[in-house]
Each structure stands twice: as structure tokens, then as C-alpha cells.
Amino acid sequence: MSAQLRQIPVNIPQDIRKIRIENSHLTELPRGSFGNVSALEYLWLNFNNITVMHIKSLEFLPALKELRLQGNKLSSVPWTAFQDTPVLKILDLKHNRLDVLPEHALRFLPNLTYLDLSSNQLTVISRDVFYSWPVYQRSQRAEGQVEVIPNAVLALHDNPWICDCRLRGFVQFIKSVGPPIILMNSYLTCSSPKFRAGKFFHEVELNSCTKPLTSALDTNLTVSVGLNVTLTCFVQASPSPAVWWTYALKLLRAFNVSTEPIGEETIRSELLIPAARPADAGNYTCTAANFLGNTSAVITLHVGTPWESTSTPGWAPIAPAEPGAHVEVRIAKQTVYSITLEWFAVAAAAADPGETWYTLLVGRYDAAQKDAIYIGPGVNTYSVTDLLPATKYEVCVAVRNQAPRKGQCVVFVTGSDVSQLEQREKLIHIVVIVCAMVLAVPAGMYACTAEAWPGCLARCPGTCPRRWRGGQGQAGGSKESTLDSLPAGSEDGLCHPTRSPAREETAKSRPPHRNSADLY
């Protein structure tokens with residue numbers, strides 16, 4: 001009890017007849033868990049964490065009479081594993097997570113006298129599960145005979161039973177069952193559907209399962225633009241089907257669909273289309289399906305065209321304006337590609353602003369037809385996007401069933417494409433910078449040579465005339481090499497006379513010589 005065991009011990013003596021491991025940490029029963037204990041008769045493994053039971057976990061236990069697995073986490077049981085326990089009499093599986101009981105489940109328990117499946121997650125069971133139970137078969141054969149058959153206790157309470165046509169056979173079995181099969185609690189109750197929740201099995205009458213039958217009172221509807229419309233279909237089926245709506249092969253959003261039962265086997269499904277537009281016209285399909293099949297009903301919706309008007313050229317015709325009805329319109333924000341409008345209803349149009357619909361007509365100023373946009377109640381702003389730059393547009397806002405009046409239309413021109421101007425300016429800046437860099441190189445070279453050449457001509461003839469005169473003959477032969485052969489900023493090859501004090505002061509007053517590197 002409460003031991004920190006995580007697996008079945010392997011050193012159990014062979015002559016042990018009873019094992020009880022509870023409140024421990026066992027998570028599975030592997031194959032041959034008790035293969036060395038063939039004399040075992042009683043096995044209690046309650047309140048562990050067992051989730052998996054191997055199909056051969058009870059192998060080599062031919063003498064096992066009692067198996068208790070209460071309070072574990074089993075969602076399924078390998079019922080064929082009980083082939084290895086032919087004399088099993090007590091099987092306790094309450095407080096687990098079993099949700100399925102296959103038809104062959106009890107076939108391998110011929111001597112069972114106590115079966116507890118209470119407090120699990122069973123919802124639907126076929127009556128064939130018990131019809132194939134050897135205990136029940138023996139009781140049917142022994143009717144009217146003297147043969148004595150031991151009683152078998154069956155516990156099935158506290159499960160979330162779904163009382164629809166799928167449970168019909170099981171309910172009939174519970175109503176008719178009697179000794180030698182004894183129900184521990186004969187008051188089994190329904191958990192769903194809602195209209196049967198809490199009822200006892202003996203209070204309900206379940207019909208046979210049927211394929212869905214879908215219908216609609218009106219399969220052809222017409223609605224004015226801007227009005228709400230609700231499409232309705234009715235479904236008769238058992239068990240309760242799944243219902244969904246499609247439009248143009250697309251599944252419609254669930255929050256616009258409401259489905260509720262209006263009878264034991266009848267469901268009403270409604271699809272709400274708020275503020276119907278011409279684009280909402282078409283065929284809507286209501287489909288219902290259960291495990292027997294599916295059927296559909298098609299409802300065709302027509303949306304009325306906008307009202308007529310001849311007061312403004314280019315607009316869709318609408319009805320004459322009512323006296324006093326007026327809407328003031330202004331531009332709240334404008335960009336190159338969009339515009340945001342604001343409007344305020346005054347006079348008769350504002351009698352009930354919470355229910356007033358508006359029509360916004362927008363298009364190019366010279367267009368023959370404009371686009372109509374229908375605005376619901378409580379909205380007084382709208383943004384029109386995807387406009388062309390440098391284009392003249394006209395926009396009007398009118399109460400839904402009235403023609404636009406003076407002051408309800410706005411004419412505007414969209415701006416130029418700023419992005420193209422910015423790209424052009426960037427290109428001009430790049431060209432100017434490149435030209436400035438190219439022109440700076442010859443200008444710097446000119447400044448360097450212009451500073452060095454006059455200084456040389458002023459000093460050399462007076463200080464070393466011989467060398468100057470001798471050099472004239474050579475200069476005649478190669479004029480180009482006289483200056484170009486000198487390194488920039490260098491006085492190598494020029495004469496260096498003894499300078500007079502006056503000339504030294506003059507030289508000092510001159511700015512220092514700068515080479516080409518300093519200029520740059």
C-alpha cells in the first residue's frame with residue numbers, strides 16, 4: 001500500500017495466492033506481468049496510474065478468480081486477454097475512462113458473476129454486447145427448466161448515456177433484464193440530448209435511426225439592398241445530425257449560423273446575412289449529416305438593385321428625395337491613393353440615426369457609372385482606397401432611399417505619386433555629387449602647379465645666372481620635361497642661393513607652401 005513501485009516486482013514467490021498493490025505508481029501491465037505466479041487467485045491493483053494493459057498481461061494465470069482495477073486511467077481494455085483467465089468471477093473496472101464496449105467484450109467471461117463498469121465514460125452500447133455474454137445465453141436457455149444458474153451482478157450507472165436511437169437496443173435490454181442478471185442500480189439516467197437529460201431509461205421511448213431529411217419553407221427569397229435576411233432550413237433525423245451552410249462551395253462562418261432543436265428529432269438551422277448586398281445573391285446550401293448519410297436543401301437569394309434617380313448624371317437611379325432629408329459631407333483625410341469621408345445626417349434624415357442606412361457613390365468624375373457602397377446604421381466615416389494618383393473623382397453620400405442633394409457630393413483630385421518624385425530627386429543628387437568629385441581633381445592639380453611655377457621664375461634668374469643661361473639651351477630641346485619632370489611639391493633641381501635678409505623676410509611673410517596632398 002502506497003509503495004513507490006513503478007513496475008510489478010519480479011521476485012514474487014510462486015505459491016502466492018493473493019497480491020494487492022494500491023496507491024502506487026504503476027502505469028502499465030506488460031506482457032507476462034505475473035508469469036511466475038501461476039497459483040495467483042486474487043489480484044488487486046486499485047488506485048494506480050495504469051493506462052495500458054497488454055493483451056498478454058494475464059498470461060499464465062489460469063486460477064485467477066478476482067481482478068480489481070478500480071480508480072486507474074484505462075481508456076480501453078483488451079477483452080481477449082481474459083481468454084487466459086477462464087475461471088474469473090469478479091471484474092471491477094469502475095472509475096476508469098472506458099468509452100467503448102465492443103460487442104465481443106463479454107464473450108470470454110463465461111463464469112463471471114460480478115461486472116462493475118460504473119463511473120466511466122460510456123455513452124452508447126449495443127445490446128449485442130450482453131446478448132453474446134455466456135451468462136445471459138445460459139439464462140435464456142434455462143427458462144422453464146429446473147436448472148439453477150448463479151446470479152450475475154451488473155453495474156452500469158454513472159455513465160454519460162446519450163439517449164438517442166443508437167441506445168435504443170440497450171435501453172430495451174435494461175427494461176427487460178431480470179434474474180439471473182441483477183442490476184446494481186436499475187435507475188440509469190440520460191445525460192443528453194438536452195430534452196432527455198435527467199430522465200430514467202424506463203421513461204424514454206427511442207425510435208429507430210433515420211437518415212437526415214432537409215427542407216425549407218421558402219427556397220426563393222428576395223430582399224432589398226441593405227436589409228438583414230435570415231435563411232431557415234429544417235432537419236429531421238435520428239441521431240441528431242451535424243448541420244452546416246455553404247455558399248459558392250465555401251463553408252460559411254459558424255457565428256452567423258444558429259442551430260437549435262425544436263422537437264425530439266427536428267432541428268431548425270438559421271443563417272443570418274446582415275446588410276444584404278448584390279454580391280450576396282446566389283444559392284445557399286443547408287446540409288445535414290449523421291452516420292446514416294446526408295441530405296441538402298438549396299435556398300436561392302435575390303438582392304434588389306439600388307433605387308433610381310435621374311438628378312445626377314452617372315449615378316445609379318434612386319427614388320426622389322424626401323422633403324427635409326439632407327446629409328452633410330466633408331473630407332477628413334486625403335492621400336495619393338485614398339480618401340476618408342465623414343458625414344452627418346440632419347433634419348428628417350436624422351429622425352432615427354440608429355436605423356438609418358446610407359449609400360456612398362464613388363467613381364471618376366467623367367465616368368458613366370459609379371460604384372455603390374452600402375453603409376449600415378451607426379457608421380459616419382468611410383475610407384475609399386486604391387485610387388489612381390492625379391485623377392479627378394466625385395463622391396456622394398445619401399440616405400438609402402433618397403437621391404443625393406447639393407452639398408452631399410464632393411469633387412476632389414488625388415495628388416501626384418510622391419514616390420516617383422523622390423526617386424527622381426535622389427538620382428539628381430547622385431549625378432551632382434559625381435560631377436563635383438570629377439571636377440575637383442583637375443582643379444587641385446592646377447592650383448598646385450600655379451603656385452610652384454611663378455616662385456621658381458622669380459628666384460632662379462637672379463641667383464644663379466650661369467646655370468640659367470646654360471639651361472636655356474637645354475630647355476629648347478625639351479620644354480615639356482622642364483616642369484613635368486619635377487615631383488609635385490619638391491624643389492630638387494632648383495638652385496638654392498644665399499638669401500638676403502630682405503628676401504628672407506619676404507619669404508617668411510608668404511604663406512607656407514602646400515603640396516597636392518594638403519590641397520585635397
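Scroll up a little and you will see the structure.
In this report, the structure presented in the accompanying data block is examined. Computed from a predicted structure; not experimentally measured.

The rules behind these values
Residues numbered from 1 in each chain as written. Predicted model: local features only at pLDDT ≥ 70, side-chain atom pairs only at ≥ 80, totals over all residues. Heavy atoms only, no water. Helix = DSSP H or I, 4+ residues; strand = E, 2+ residues; numbered from the N terminus. Buried < 20%, exposed > 50% of the residue type's maximum accessible area, 1.4 Å probe, protein only. Contact = heavy atoms within 4.5 Å. Areas by Shrake-Rupley, 256 points an atom, 1.4 Å probe, with all protein chains shown as cover. Pairing = 2+ DSSP bridges. Axes fitted to C-alpha atoms, helices over the stretch in contact; angles between N-to-C directions. Phe/Tyr/Trp six-rings, centres within 6.5 Å; stacked < 30°, edge-to-face > 60°. Lys NZ or Arg CZ within 6 Å of the ring centre and 35° of its normal. Disulfide = S-S within 2.5 Å. Core = buried A, V, L, I, M, F, W, Y, C linked by side-chain atoms within 4.5 Å. Salt bridge = Lys/Arg side-chain N within 4 Å of Asp/Glu carboxyl O. Polar contact = N/O pair within 3.5 Å; in protein donor to acceptor, adjacent residues only side chain to side chain.

### Focus: the overall build of the protein
Logical step 1: The helix and strand tally for the protein stands at 8 helices and 27 strands.
Logical step 2: When the 520 residues of the protein are sorted by exposure, 36% land in the buried category.
Logical step 3: Considering only intrachain contacts with a sequence separation of at least 6, the fraction spanning at least 24 residues in the protein is 63%.
Logical step 4: A total of about 29800 Å² of accessible surface is found on the protein, and carbon and sulfur atoms cover 54% of it.

### Looking at helix α2 (residues 134–141)
Logical step 1: Residues P134, V135, Y136 and S139 constitute the buried set of α2.
Logical step 2: Against α1 (128–131), β8 (152–155), α3 (168–176) and β10 (181–183) lie the buried residues of α2.

### With respect to the sheet that holds strand β18 (residues 266–273)
Logical step 1: Strand order in the open sheet formed by 4 strands is β12-β14-β18-β17, and the pairing between neighbours is antiparallel. Looking at strand neighbours, the two that pair on one side only are β12 (210–215) and β17 (257–261), the edges of this open sheet. In this sheet, neighbouring strand axes are inclined to one another by 20° on average, regardless of whether the strands run parallel or antiparallel.
Logical step 2: As defined by bridge partners, β12 adjoins strand β14 (residues 229–238) across 4 bridges and the pair is classed as antiparallel. Across the sheet, L213 pairs through a bridge with Q236, a residue of β14.

### Describing the packing of aromatic side chains
Logical step 1: Applying the stated rule across the entire model yields 12 aromatic pairs.
Logical step 2: When the ring of Y131 is compared with that of Y136, the centres are 5.4 Å apart and the planes differ by 20°; the resulting orientation is stacked.
Logical step 3: Taking relative accessible area as the criterion, Y136 reaches 16% and is therefore assigned buried.
Logical step 4: With a centroid separation of 5.7 Å and 65° between ring planes, the pair formed by Y136 and F173 is classed as edge-to-face. Of the two residues, Y136 sits in helix α2 while F173 sits in helix α3, which places them 37 residues apart along the sequence.
Logical step 5: With relative accessibility at 1%, the residue F173 sits in the buried group.
Logical step 6: Here the aromatic cluster, defined as three or more aromatic residues joined through ring pairs, consists of F130, Y131, Y136, W161, F170, F173 and F201.
Logical step 7: Here the basic side chain of K18 rests over the ring of Y42, its NZ or CZ set 5.9 Å away from the ring centre.

### A look at the state of the cysteines
Logical step 1: Tallied over the entire structure, the rule returns 4 disulfides.
Logical step 2: There is a disulfide in this structure between C165 and C209, and the S-S distance comes to 2.0 Å. Handedness here is read from the sign of the S-S torsion; for C165 and C209, about 100°, the answer is right-handed. Taken together, the residues span a long stretch of sequence, with C165 in the loop between β9 (161–162) and α3 and C209 in the loop between β11 (190–192) and β12 at a distance of 44 residues.
Logical step 3: Classification of C209 as partly exposed rests on a relative accessible area of 26%.

### So, the nonpolar core
Note that soluble globular proteins tend to have their nonpolar side chains buried in a common cluster.
Logical step 1: Of all hydrophobic cores here, the largest spans 58 residues; its most connected members are L67, W79, L91, F130, F170 and F201.
Logical step 2: Those elements giving two or more residues to this core turn out to be α1, α2, β8, α3 and β10.
Logical step 3: Broken down by element, the residue count for this core peaks at 4 residues, all from α3.
Logical step 4: Those residues in contact with F201, other than ones at most four positions away along the chain, are W161, C163, L167, F170, V171, I174, K175, L188, T189 and C190.

### Re the pattern of salt bridges
Logical step 1: In total, this model carries 15 salt bridges according to the counting rule given.
Logical step 2: Between R166 and D164 there is a salt bridge whose closest N-O contact spans 2.7 Å.
Logical step 3: A relative accessible area of 8% means that D164 is categorised as buried.
Logical step 4: A salt bridge links R330 to E342; the shortest N-O distance between them is 2.6 Å. A residue pair is termed long-range when its members are at least 10 positions apart, and R330 in strand β21 (residues 325–334) and E342 in strand β22 (residues 339–347) qualify at 12 residues.
Logical step 5: Through salt bridges with shared partners, one network takes in E66, R68, D92, K94 and D116.

### Observations concerning the environment of S269
Logical step 1: Among the structural elements, S269 can be located in strand β18.
Logical step 2: Taking the C-alpha atoms as reference, S269 lies 9.9 Å from A216; in sequence the two are 53 residues apart.
Logical step 3: Ignoring sequence-local partners within four residues, the contact set of S269 consists of L231, T232, C233, V243, W245, V257, S258 and T259.
Logical step 4: There is a polar contact of 3.3 Å between the side chain of S269 and the side chain of T259.

### What to know about the side chain of T214
Logical step 1: Among the secondary structure elements, T214 is positioned in strand β12.
Logical step 2: Exposure remark for T214: the relative accessible area of 12% places this residue in the buried category.
Logical step 3: One polar contact links T214 to T295, side chain to side chain, over a distance of 2.8 Å.
Logical step 4: Apart from the residues within four sequence positions on either side, T214 is in contact with C233, F234, V235, C286, A288, T295, S296 and A297.

### Let's talk about the sheet that holds strand β1 (residues 18–20)
Within a sheet, adjacent strands bond to each other through the backbone by hydrogen bonds, running parallel or antiparallel.
Logical step 1: The strand order across the open sheet formed by 7 strands is β1-β3-β5-β6-β7-β8-β10, and the pairing between neighbours is parallel. Whereas interior strands pair on both sides, the edge strands pair on one side only; in this sheet they are β1 and β10. Direction aside, neighbouring strands of the sheet carry axes that sit 10° apart on average.
Logical step 2: As judged from the 3 bridges shared by strand β3 (residues 42–44) and strand β5 (residues 66–68), these two strands associate in the parallel manner. Paired with L43 across the bridge in β5 is L67.

### Side note on the pairing of strand β24 (residues 371–375)
Logical step 1: Pairing of strand β23 (residues 358–364) with β24, which is carried by 5 bridges, proceeds in the antiparallel orientation. Its bridge partner being in β24, L361 is matched across the sheet by A372.
Logical step 2: Where β23 folds back on β24, the antiparallel hairpin that results is connected by 6 residues.

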